[in-house]
Amino acid sequence: MAKFGPKRQGPRSDIPAKLGRTHRQEHLNLTTTHNGHHRPPPRPPRRPYPPSLIPTHPKHPLRLGPGLRHVPPSSILPTVAGQLIVNPHKTSMWIESNGGRYTPSPSDLVIGRVLRSAADLYYVSLSPYTPPASLPHLAFESATKKTRPQLAPGALVYARVSLANRHMDPELECVSPSTGKADGLGPLTGGMVFDVSPGFARRLLLARSRDEGGVEVLELLGAEGVAFETAVGRNGRVWVGSESVKAVVVVGRALKETDEGRLGGEEQRRLVKRLVREMR
Amino acid sequence: MSATTAPEAALSVLPRADGSAKYSYAGYTVTASVNGPIEAQRKDEHAQEAYVDVIVRPAAGVGGTRERHLESLLQSSLSQLILVKNFPRMLIQVVLQVEAVPDNDYENTKLVQASLNFPIIPALLQTAVLGLLSAVVPMRATATSTVAAVVFQDGAKRVVVDPSPKELAAARSVHVLAFTSHDELILAESEGDFSVKEWDDVYDAAAKICCQSGAGNADTAMDLDGPVNAGPDMRQFLNSTLEAKVAADLYWK
Amino acid sequence: MPREAEPSLNEKQFVLQALKEDVRLDGRDLDQYRPLELTFGDQHGVAEVTLGKTKVLVKTSAEVTVPYPDRPLDGIFTIATELSPMTAPSFEVNRPTETEVLLARLLEKTVRRSGALDTESLCLVAGQKVWSVRVDVHVLSHDGNLTDAACFAVVASLRHFRKPDTSMEGGVLTVYTPAEREPVPLSWLHSPFCISWSFYGDMGEIAVLDATWVEEQVRVGSCTISLNRHGEICQIAKLGGTPVEAVALLQCTSVALAKAKELSGLLDTKLAEDAKRRDKGGLLAELSAENDR
């Protein structure tokens, strides 16, 4: 959950910004570094990568991110079209790409829609036409049988994926299991969600989305005096809340147009100027 | 005829599908939408792997047994390409909408019962592969495909790659071959009378088109004994299409 | 069957709240269409219409067949509307949904029953040979307002279509291939367009044109008006939903007429552009002139 604009009060002002950031790094697992990683040309799925490309470390095991598969004994093959990113400091490599359907993976932050409530859990939809994820009634901050939040079908929740594997339906939680705090997770009231591409959601979730992800619109709109807050789900959904309907629409349009139009920094600045002018 | 034009493709043309592609070559235009992994119906659910559902829809008229046959051919090829074990109990749905087939100016076609057949398979398979890549579905390999006909002309046998409707009508046999990006043969369908030697020649010609990455030389036909060189370089085409997609996706880097 | 996608409560409430304040999610006015694009294929009778994120492809084809025994003088004209899983995974082949049935019915009433195509002109030999014209509607992408997009595409496709030329000599019917004689256009009488309104609010007092998928999910009623540019109304479909004031409906109709005129103008321009593109160097015209006797 991130807040923008001059007004800093609201239902979620109690969340320290720092905590939000830790989530993001946790869930990405593989963070880009700006120095020392190789960028070979993109290639479609074909041959194993040469061993010279694969980072090695005497202690840490190699970590493979999305888009790669390991064929024993030692071949690493790409499975999707994208750019190979190798991070020698973390002995990790993955394929950076955009598009497709969201596949849950542990510690991802997601925005889900409650489908129905069962005896002790909610069924939550993360994307249309996929099997529902389960969210236990007690997986909220200081929730007991009596104080748990009552969520109607159709309500939105901001949650973390606690369990995901190919053989089971995903499980969600709205509370940190170690601290017992919500850390900004929980039901989302009011506002509007906008669908963006999964790659754009990832850019928004980067620790420094402006420098690393190249998304400036949110900061620019905040600087223009538009007050709003956002929550970004890795499943390609962005929740925007504000007291003003127009502000929500402007933020949503800025996000969608930046994503779909593949806008660069200068174009984003122009877009924000135009939208703010239209709003007033 | 139209075989001399280069193949064209556009990725992610349908905004509401997980992945999509539009491909046109040699008079065929096909649009594919790919959705998945999504929840499978109970009857299609497999405990260990994803079910790949292929639906082929003709441009005009109602589909029939021919379309079902094409679907089953494509389904078995695509199931081998997709890493289906990654998504147990799920469904990956590929819908292929035929938009145009080559015109034959010398014949009036019957259209109420659509009759898609053999020579459209390469276009369908190519579009499906592009759609799957656009949907970022993990795959073991990509595939390239082509169609070749053996025709008798002036007493000599010739292998014609990407035959025109007229050449098809006159062909002794028609062959569709598809190769993975590891140069493995993944689909081979033949129709008509042919000898093993003819099939070998067809195989060589098709492998040339599908498996060679480099500067291709467009030349529609060749002699069986002459230098073998024909058709577009399909793998080169696939690579350049994907490079363009990746560059567009990661423009912000 | 995978269950249909549905917007969340927050989305529903927000869209309604915004519409009450005259605001739409994409910044449009309430009576404004999304950008409408029309492209014709290489073959005659192929039209693709893009309305925002809604995309419809229509192909017209024709063949000679036997007429229905009860209508020996009329050609056969069918519009096939089948929604495939391409539209959305919740649509299944051979299992029509309500959306599909309503779309088919509206197109049928608007184009076929309004006599836009002169079916008598499709008759070749009374009681024996007639043209059967078939229109296939393929919905490639569905982001609301399928009706208007599909109707526009159907009309565009039919007006763009050319059927093979024929001749009758001494009781022998000859159907010429495109190589022998230039195909001829259909006998077209008028061009109807569908204009769909969606209503919001307790009394249906907010009327919105060209609703997106989310907007369609929260509307309390809808009304499709089919009319041509002369203001001749072919049909009005107000299927259930909240009742709407008669005066408001009249207001909707007059706006619809303005929109129909716009659509008609756009279609004429596009058809003229396409004809010009095809007639490069006048070679085709020359060839057909030679054959014309």
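Within every chain, residues take consecutive numbers counted from 1 along the sequence as written. Here chains are named by letter from A upward and ligands by number from 1 upward, in the order in which they appear as written. Residues qualify for local features only when their pLDDT is at least 70, as the model is predicted, and side-chain atom pairs are given and counted only at 80 or more; totals for whole chains, interfaces and linings, by contrast, use all residues. The side-chain values count all of the structure's non-hydrogen atoms but skip hydrogen atoms and water molecules.

Participant: Before we move on, could you go through the overall build of chain C and cite the residues and values that matter?
Facilitator: Only DSSP runs of H or I covering at least 4 residues are called helices, and only runs of E covering at least 2 are called strands; the numbering of each starts at the N terminus. Within chain C, the regular secondary structure consists of 6 helices and 14 strands. The C-alpha atoms of chain C give 21 Å as radius of gyration, which agrees with the globular expectation for 293 residues (19 Å, within 12%). Judged by the C-alpha coordinates and their principal axes, chain C covers about 70 × 45 × 40 Å. Summary of the burial criterion: residues with accessible area below 20% of their type's maximum are buried, those above 50% are exposed, and those between are partly exposed, where the area comes from a 1.4 Å probe applied to protein chains only. Here chain C holds 293 residues, and 53% of them are scored as buried. Once local pairs closer than 6 in sequence are excluded, the contacts in chain C between residues at least 24 apart make up 70%. A total accessible area of about 13,100 Å² is found for chain C, and carbon and sulfur atoms account for 51% of it. Charged residues are defined narrowly, with Lys and Arg counted positive, Asp and Glu counted negative, and His plus the chain ends left uncounted. Every charge is mapped to an atom, namely NZ of Lys, CZ of Arg, CG of Asp or CD of Glu. Seen as two clouds, the 32 positive and the 43 negative side-chain charges of chain C have centres 1 Å apart. Here the radius of gyration uses the C-alpha set of atoms, whereas the globule reference equals 2.2 Å times the residue count to the power 0.38. By the convention used here, residues are in contact when the closest approach between their heavy atoms is within 4.5 Å. Note on areas: these come from Shrake-Rupley sampling with a 1.4 Å probe, and a residue is covered only by the protein chains present in the view.

Participant: Quick one: what's the story with the UniProt feature "domain: Exoribonuclease phosphorolytic" (unreviewed entry) in chain B, residue by residue and with numbers?
Facilitator: All names here are of chain B. UniProt positions are given in the numbering used here, feature names are shortened, and annotations may be inferred rather than shown by experiment. As annotated by UniProt and renumbered to match this structure, "domain: Exoribonuclease phosphorolytic" (unreviewed entry) occupies residues 10-100 and 147-207. The span residues 10-100 is 19% helical and 43% strand by assignment, and the distance between its end C-alpha atoms comes to 16 Å. The distance separating the terminal C-alpha atoms of residues 147-207 is 11 Å; by composition the span is 30% helix and 48% strand.

Participant: Help me get a handle on the interface of chain B and chain C, residues and values and all.
Facilitator: Contacts between the two partners involve 34 residues from chain B, matched on the other side by 34 residues from chain C. Two parts placed together each lose some accessible area; with a 1.4 Å probe, that loss summed over both constitutes the buried area. Counting each side, the surface lost to burial between chain B and chain C is near 2,800 Å², with a carbon and sulfur contribution of 54%. The working definition used for a salt bridge is a side-chain nitrogen of Lys or Arg within 4 Å of a carboxyl oxygen of Asp or Glu. Linking chain B with chain C are 3 salt bridges. Here Glu 82 of chain C ties to Arg 57 of chain B by a salt bridge, and the two come within 3.4 Å at their closest N and O atoms.

Participant: Before we move on, can you summarise the sheet that holds strand β6 (residues 92-96) of chain A with the specific residues and values?
Facilitator: All names here are of chain A. Paired strands are those between which DSSP finds at least two bridges. Taking strand neighbours across the sheet as the criterion, the 3 strands line up as β2-β6-β5 in an open arrangement whose pairing is mixed. Taken across any chain shown, the strands that pair with only one partner, and hence form the sheet edges, are β2 (63-64) and β5 (83-87). Taken together, the 5 bridges between β5 and β6 define a ladder with antiparallel strand orientation. The residue bridging Gln 83 from the neighbouring strand is Glu 96, located in β6.

Participant: Could you give me a rundown of the pairing of strand β1 (residues 36-40) of chain C, with the residues and numbers involved?
Facilitator: All names here are of chain C. Note that β1 and strand β2 (residues 46-51) share 5 bridges and pair antiparallel. Bridged to Glu 37 within β2 is Thr 50. Between β1 and the antiparallel strand that follows it, β2, lie 5 residues; Gly 45 among them carries a positive phi value of about 90 degrees.

Participant: I'd like a rundown of the pattern of salt bridges, residues and numbers included.
Facilitator: Residue and element names in this part refer to chain C. In the structure shown here, the tally under the stated rule is 42 salt bridges over all chains. As a salt-bridge pair, Arg 28 and Asp 26 come within 3.1 Å of each other at their nearest N and O atoms. On the basis of relative accessibility, which here comes to 7%, the residue Arg 28 falls in the buried class.

Participant: Explain the interface of chain B and chain A to me, and be specific about the residues and the numbers.
Facilitator: The interface of chain B with chain A comprises 38 residues on the first partner and 39 residues on the second. Taking both sides of the interface into account, the surface hidden between chain B and chain A amounts to around 3,200 Å²; carbon and sulfur atoms contribute 55%. Taken as a group, Tyr 251, Trp 252 and Lys 253 of chain B account for 20% of the area that chain B buries against chain A, more than any other trio of residues on that side. Close ionic contact of Asp 249 of chain B with Arg 262 of chain A constitutes a salt bridge, the shortest N to O distance being 3.6 Å. Identification of polar contacts relies on pairs of N or O atoms within 3.5 Å, with a donor-acceptor requirement for protein atoms, meaning one able to donate a hydrogen and the other able to accept it, and with residues adjacent in sequence counted only if both atoms are side-chain atoms. Linking chain B with chain A are 9 residue pairs in polar contact (both at pLDDT 80 or more), by the criterion used here. Top element by residues in the side of chain B that touches chain A is helix α5 (residues 234-249) of chain B. It accounts for 8 residues.

Participant: Run through the UniProt feature "domain: Exoribonuclease phosphorolytic" (unreviewed entry) in chain C, naming residues and quoting values.
Facilitator: Residue and element names in this part refer to chain C. In this numbering, the UniProt entry assigns the feature "domain: Exoribonuclease phosphorolytic" (unreviewed entry) to residues 32-164 and 191-257. Secondary structure across residues 32-164 comprises 23% helix and 35% strand; the distance between its end C-alpha atoms is 40 Å. Between the C-alpha atoms that bound residues 191-257 the distance is 13 Å, and the span itself is 27% helix and 36% strand.

Participant: How would you sum up the packing of helix α4 (residues 245-260) of chain A against helix α5 (residues 265-279) of chain A? Please name residues and give values.
Facilitator: A pair of packed helices can be characterised by two numbers: the angle between their axes and the separation between those axes. All names here are of chain A. In this analysis, axes come from line fits to C-alpha atoms, helices being fitted only over the stretch in contact, and the angle between any two N-to-C directions falls in the range 0 to 180 degrees. Running from N to C, α4 and α5 cross one another at 155 degrees; their axes reach a closest spacing of 10 Å. With respect to α5, the element α4 is oriented roughly antiparallel. The two elements α4 and α5 cross, and the hand of that crossing is right-handed. For the pair α4 and α5, contact is made by Lys 246, Ala 247, Val 250, Arg 253, Ala 254, Glu 257 and Thr 258 and by Gln 268, Leu 271, Arg 274, Leu 275, Glu 278 and Met 279, respectively. Only Asp, Glu, Lys and Arg are considered charged, only Ala, Val, Leu, Ile, Met, Phe, Trp, Tyr, Cys and Pro nonpolar, and every remaining residue, Gly among them, polar. In terms of residue class, the contact of α4 with α5 is made up of 6 nonpolar, 2 polar and 5 charged. Any angle that falls under 35 degrees is termed roughly parallel, while one over 145 is termed roughly antiparallel, one within 65 to 115 roughly perpendicular, and all others oblique. When the near helix sits turned anticlockwise from the far one by under a right angle, the crossing is termed left-handed; a clockwise turn instead gives a right-handed crossing.

Participant: So what's going on with the nonpolar core? Which residues, and what values?
Facilitator: We define a nonpolar core as any set of buried Ala, Val, Leu, Ile, Met, Phe, Trp, Tyr and Cys residues linked to one another through side-chain atoms lying within 4.5 Å. Grouped together as the largest cluster of nonpolar side chains are 107 residues, with contacts concentrated most on Leu 221 and Leu 255 of chain A together with Val 111, Val 137, Leu 158 and Trp 197 of chain C. With 10 residues, the top contributor of residues to this core is helix α3 (residues 146-160) of chain C. Those residues in contact with Val 111 of chain C, other than ones at most four positions away along the chain, are Phe 77, Ile 79, Ala 116, Leu 117, Cys 151, Val 154, Val 155, Leu 158, Trp 188 and Pro 192 of chain C. Core analysis: the second largest hydrophobic core is formed by 75 residues, Val 84, Ala 143, Val 147 and Trp 252 of chain B among them.

Participant: For the sheet that holds strand β1 (residues 8-11) of chain B, give the residues involved together with the corresponding values.
Facilitator: Residue and element names in this part refer to chain B. The strand order β1-β2-β3-β5-β4 describes an open sheet built from 5 strands, whose pairing is mixed. Looking at strand neighbours, the two that pair on one side only are β1 and β4 (51-57), the edges of this open sheet. Strand-to-strand, the axes of this sheet are offset by a mean angle of 15 degrees, without reference to chain direction. Judged from the 9 bridges that link them, strand β3 (residues 28-39) and strand β5 (residues 90-100) form a sheet pairing that is antiparallel. Paired with Thr 31 across the bridge in β5 is Gln 97. Along the sheet face, helix α2 (residues 121-134) touches β1, β2 (19-25), β3, β4 and β5 and points at about 150 degrees away from the line of β2.

Participant: Outline the environment of Ala 47 of chain B, listing residues and values.
Facilitator: Assignment of secondary structure puts Ala 47 of chain B in the loop between β3 and β4. Not counting residues up to four positions away in its chain, the partners in contact with Ala 47 of chain B are Pro 88 and Arg 89 of chain B.

Participant: Which residues make up the packing of aromatic side chains, and what values do they have?
Facilitator: Here a Phe, Tyr or Trp ring, Trp counted by its six-membered ring, pairs with any other such ring whose centre lies within 6.5 Å, and the pair is stacked when the planes are under 30 degrees apart, edge-to-face when over 60, and tilted otherwise. If you walk through the whole model with that rule in mind, you get 4 aromatic pairs over all chains. Ring geometry for Phe 179 of chain B versus Tyr 203 of chain B: centroids 5.5 Å apart, planes at 65 degrees, classification edge-to-face. Here the residue Phe 179 of chain B occupies a position in strand β8 (residues 173-180), and Tyr 203 of chain B occupies one in helix α4 (residues 196-211), the gap between them amounting to 24 residues. Assessed through its relative accessible area of 27%, Tyr 203 of chain B is described here as partly exposed. Every member of this aromatic cluster is reached through a ring pair, and the members are Phe 179, Trp 199 and Tyr 203 of chain B. In this structure, Arg 181 of chain C is placed above the aromatic ring of Tyr 176 of chain C, and the distance from its NZ or CZ to the ring centre is 4.2 Å. Working rule: Lys NZ or Arg CZ, within 6 Å of ring centre, within 35 degrees of ring normal, means a charge sits over the ring.

Participant: For the pairing of strand β4 (residues 75-78) of chain A, give the residues involved together with the corresponding values.
Facilitator: Residues and elements named next belong to chain A. By the bridge criterion, 4 bridges tie strand β3 (residues 68-71) to β4 in an arrangement that is antiparallel. Bridging from a neighbouring strand, His 70 pairs with Ile 76 of β4. If you look at the hairpin formed by β3 and β4, you'll find 3 residues sitting between the two strands.

Participant: Before we move on, can you summarise the state of the cysteines with the specific residues and values?
Facilitator: Residue and element names in this part refer to chain B. The disulfide criterion used throughout: a pair of cysteine sulfur atoms within 2.5 Å. This structure, assessed with the given rule, holds 0 disulfides over all chains. No disulfide involves Cys 210; its sulfur sits 5.9 Å from the nearest other cysteine sulfur, which is in Cys 211. Judged by relative accessible area, Cys 210 falls into the buried class, the value being 0%.

Participant: Describe α3 of chain C, naming the residues involved and giving the relevant values.
Facilitator: At 3.6 residues per turn, the α-helix brings residues three or four places apart onto the same side. Here, expected helix span is obtained from the residue count minus one, scaled by 1.5 Å. Its 15 residues give α3 of chain C an end-to-end C-alpha distance of 21 Å, which sits within 8% of 21 Å, the value for a rise of 1.5 Å per residue. Burial analysis of α3 of chain C places 14 of its 15 residues in the buried class, which makes it a mostly covered element.

Participant: Which residues make up the side chain of Ser 264 of chain C, and what values go with them?
Facilitator: Within the secondary structure, Ser 264 of chain C is located in helix α5 (residues 246-278). Among residues more than four places away in sequence, those in contact with Ser 264 of chain C are Phe 193 and Arg 229 of chain C.

Participant: How would you summarise a negative patch on the surface if you had to cite specific residues and measurements?
Facilitator: Residues and elements named next belong to chain C. Each patch is built from residues that are more than 30% exposed by relative accessible area and take part in no salt bridge. Like charges join if they lie within 9 Å; nonpolar side chains (Val, Leu, Ile, Met, Phe, Trp, Tyr) join within 5 Å. A grouping of Glu 21, Asp 22, Asp 29 and Asp 31 is seen on the molecular surface, where their side chains present a negatively charged patch. With respect to the secondary-structure elements, Asp 31 resides in the loop between α1 (9-20) and β1. Of the residues examined, Asp 31 reaches a relative accessible area of 37% and is grouped as partly exposed.

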